[in-house]
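Observations on chain architecture
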Amino acid sequence: MDPRARRLIRYNGEFSSDVIARASGSWLETTDGRRVLDFTSGQICATIGHSHPRIVEAVRRSLTEAVHLNSGLLSEPVLALAERVAALMPAGLDRSMFLSTGGEANEAAVRMAKLSTGGFEVVSLTRSWHGMTSGSQSLTYSAGRRGHGPTMPGVFALPAPYAYRCPVRHCAGTCDHTCLEIGFELYDQQTSGAGAAVVAEPVLSSGGILVPPPGYLARLLELTHERGMLLILDEAQTGFGRLGAMFGMDVYGVVPDIVTLSKTLGGGLPISAVVTTDAIERAAYDAGLMYYTSHQSDPLPAAAALAVLDVVEEEDLAARAARRGERLGGHLRERAARHELIGDVRGMGLLWGVELVEDRATKAPAVERGEELTEACHACGLSLNITKGRAGGAAACLRIAPPLTVSEEEIDTGAEIMDDALAKLT
């Protein structure tokens, strides 16, 4: 460990002992010259790979034009990005606000929902992750809830569609929406009648790559609207091709009231967005919406986001993610057939989870073994991360999300490294 690391505040356990010198495409290179295949896309942000030439050029151009402006001033990249995002969205979702992080975007979306509905209660799913700012962290149930005092008032939880570990002890392998119906029945018994929004991810990533069954999000939208609430779909990790379609809402055939975008929009630079309808924007504005931050509508990250969208569309990376995902999923299922440590494999496109168990019959989470496996993979040149459930309940699930530009050979290499590491643990 570099001794200078002691000057840093630790925010999620200890830091890795490696120091990264550079990153390019699907690969990282450490200061001691070791190459590591990145199957996390950084923080699932390097959608088109690390240091893509189009992003580098966009940043270089912005450095000579405009990097940052007063948040009340608009620039050409921001105006162009608003047009591009509207063109990608379903009809009606044509108003955008650009911020820095997913947590910020969810904070703003919730604030808009409260103002436009007049309510204040917000519902999200257990095992969800919506950010670390105060309001969005209140809606995050997978981690970080303990030790910080009270969360935002008026927050409720729905059981996540986790078929492998059914939260209502009903389903066995296939979710039939019972958890969703029960969740809203419980909400109805607790509400003060001031509902504002339901916030959900198309696939719960940090919760262990929980893939809702067909019809789930459509029913969620229906139950939300029945209560006069707005549906906010958090596409931080699922947007711009990750699931094999441009957005998760496209996979499930739903149109929410508000969409939040972040990670996959900036290609490694911090930018997020709230996208909604003209009617909701007008209602929130008329009610006195105030959400003004130092890096709102900054031109440089907007220029980078435009470059990301260019590459995603020109190279049809959503379709490529679907094809590469089939190859990756095949490798993972084949490993599951040979390694008892793997209890379940689930995912779509290039977002996959491999749940590890001590025993397939009891499904006891193999948390320590999962940490050993990720360390073994990293030592052999493959970067993965593991979600542990934590506040959402113990689990041990490898999250696998390589860049959408990953090659077939890189997928095969990653699978071989994982296979070798699994063999050493058994």
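Check the entry above for the structure.
Let me begin by describing the structure that accompanies this report. Keep in mind that this is a model prediction, so the values were computed, not measured. (Residues numbered from 1 in each chain as written. Predicted model: local features only at pLDDT ≥ 70, side-chain atom pairs only at ≥ 80, totals over all residues. Heavy atoms only, no water.)

**Things to note about the pairing of strand E11 (residues 342-348)**
- The sheet contact formed by E11 and strand E12 (residues 351-359) spans six bridges and is antiparallel. Across the sheet, Gly347 pairs through a bridge with Trp352, a residue of E12. (Pairing = 2+ DSSP bridges. Helix = DSSP H or I, 4+ residues; strand = E, 2+ residues; numbered from the N terminus.)

**So, the sheet that holds strand E7 (residues 195-200)**
- The mixed open sheet is built from seven strands, whose spatial order is E4-E10-E9-E8-E7-E5-E6. Each end of this open sheet is capped by a strand with a single partner; those strands are strand E4 (93-99) and strand E6 (155-158). When strand polarity is set aside, the average angle formed by the axes of neighbouring strands in this sheet is 20°.
- Across four bridges, strand E5 (residues 121-125) lies against E7 in parallel orientation. Each bridged residue has a counterpart across the sheet, and for Glu121 the counterpart in E7 is Gly195. (Axes fitted to C-alpha atoms, helices over the stretch in contact; angles between N-to-C directions.)

**Observations concerning the packing of helix H3 (residues 76-88) against helix H11 (residues 299-314)**
- One can describe the packing of H3 onto H11 by two numbers: an axis separation of 8 Å at closest approach and a directional angle of 35°. Regarding H3 and H11, the two cross each other, and that crossing is left-handed. Two secondary-structure elements touch here, H3 through Pro77, Val78, Ala80, Leu81, Arg84 and Leu88 and H11 through Pro299, Ala302, Ala303, Ala305, Leu306, Leu309, Asp310 and Glu313.
- A per-class count over the contact of H3 with H11 returns 11 nonpolar, no polar and three charged. (Left-handed = near helix turned anticlockwise from the far one by under 90°. Contact = heavy atoms within 4.5 Å. Nonpolar A, V, L, I, M, F, W, Y, C, P; charged D, E, K, R; others polar.)

**Focus on the sheet that holds strand E14 (residues 382-383)**
- Here we have four strands laid out as an open sheet, ordered E1-E2-E3-E14, and mixed in their pairing. The open sheet has two edge strands, strand E1 (20-24) and E14, and neither has a second partner.
- Across four bridges, E1 lies against strand E2 (residues 27-30) in antiparallel orientation. Looking at E2, one finds that Ile20 is bridged to Thr30.

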